[in-house]
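# Examining the three-dimensional arrangement
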Amino acid sequence: MSFIVAIDGPAAAGKGTVSKAVAAHFGFAHLDTGLLYRVVGRAALAKIGPSLDPERVIALSTEVSADDLDRNDLRTAAVAQAASKVAAIPEVRENLVTFQRDFAQRAGGAVLDGRDIGTVICPDADVKLFVTASAERRAERRFKELEQRGEDTSYDTVLADVIARDKRDSERDVAPLIAAADAILLDTSDLSIDEAVAQAIAAIHAKR
Ligand code: DC
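Numbering of residues starts from 1 in each chain and follows the order in which that chain's sequence is written. Residue-level local features of this predicted model are given only where pLDDT is at least 70; pairs of side-chain atoms are given and counted only at 80 or more, and the full residue set underlies all totals for whole chains, interfaces and linings. With hydrogens and water stripped out, all remaining heavy atoms of the structure feed into the side-chain values.

### Comments concerning the overall build of the protein
Our working rule: Each helix corresponds to a stretch of at least 4 residues labelled H or I by DSSP, and each strand to a stretch of at least 2 residues labelled E; elements are numbered beginning at the N terminus. Restricting the calculation to C-alpha atoms gives the radius of gyration, and the globule rule supplies 2.2 Å times the number of residues raised to the power 0.38. Here the term buried applies to any residue with accessible area under 20% of the maximum for its type, exposed to any over 50%, and partly exposed to those in between, with areas from a 1.4 Å probe on protein chains only. Working rule for contacts: check all heavy atoms of both residues, and any pair within 4.5 Å makes them a contact. In these tables, accessible area is a Shrake-Rupley quantity obtained with a 1.4 Å probe, and a residue counts as shielded only by the protein chains included in the view.
Within the protein one finds 9 helices and 5 strands. Listed N to C, the secondary structure of the protein is β-α-β-α-α-α-α-β-α-β-α-α-β-α in terms of helices and strands. Computed over the C-alpha atoms, the radius of gyration of the protein is 16 Å, within 12% of the 17 Å expected from 2.2 N^0.38 for a compact globule of 208 residues. Taking the principal axes of the C-alpha coordinates as reference, the protein spans close to 45 × 35 × 30 Å. When burial is assessed residue by residue, the protein has 50% of its 208 residues classed as buried. The contacts in the protein between residues at least 6 apart in sequence include a share of 79% that link residues at least 24 apart. Total accessible area on the protein stands at roughly 10,000 Å², and carbon and sulfur atoms take up 52% of it.

### Some words on the sheet that holds strand β4 (residues 127-132)
Note the threshold: When DSSP finds two or more bridges between a pair of strands, those strands are recorded as paired. Helix axes are fitted only over the stretch in contact, all axes being lines through C-alpha atoms; the angle between N-to-C directions runs from 0 to 180 degrees.
What the 5 strands build is an open sheet, ordered β2-β3-β1-β4-β5; its pairing is parallel. Strands at the two margins of the open sheet, each flanked by one partner only, are β2 (29-32) and β5 (184-187). Pairwise comparison of adjacent strand axes, ignoring direction, gives a mean angle of 20° for this sheet. Note: β4 against β5, 4 bridges, orientation parallel. Looking at the pairing, Phe-130 lines up with Leu-185 of β5.

### A short note on the environment of Lys-167
Inspection of the secondary structure assignment puts Lys-167 in helix α8 (residues 155-171). Counting along the chain gives 78 residues from Lys-167 to Ile-89, while the straight-line C-alpha distance between them is 15 Å.

Function cannot be read off these values alone, since they describe shape.
Structure (structure tokens):
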């Protein structure tokens, strides 16, 4: 029987960490749906260039496969911005729906994290969490992550990127970033990783 956990929220709020820990705790499969948009964004930058011509981006979005998600060049700041741009194209989103819904039906349960899981992809998910944190806290975390990976950037640049991405993701016409009415809010601004994970696990236990 499937059991679906939908985890949505803005960039660098801690969704990925919480999702991985929840999946490990309950033995669920985990899909980071942002990677799907990153795959399309990376391919678009490489094959089309900064214009991101929508017709060609849509064509690329039909070619995404599970293997692409393992690429090691998807986590750069440039790819994140491109992902956010291609994600605003309705046909790109449509082309990625089946992959996500099929994944959600995995026997043994699944955690999907992204922006529209609880609202569009799996509106009937068993548990919905909306993980958020202040833009400053999220920028701090992302800055440390990029620094550790050797990217040459500054806190101010990362904060500006986070705010630009939030704005684009929240204001787009299709499947904007928004908490589902029945989502449980988890603000991680002042929580340690362990505290955030413990709260998420407790919320899921309560629904099982
Ligand atoms: O979660 P992430 O930072 O890897 O996501 C990259 C971009 O992909 C994000 O800025 C918006 C888009 N995205 C989306 O529109 N819908 C999702 N379910 C996941 C990500």
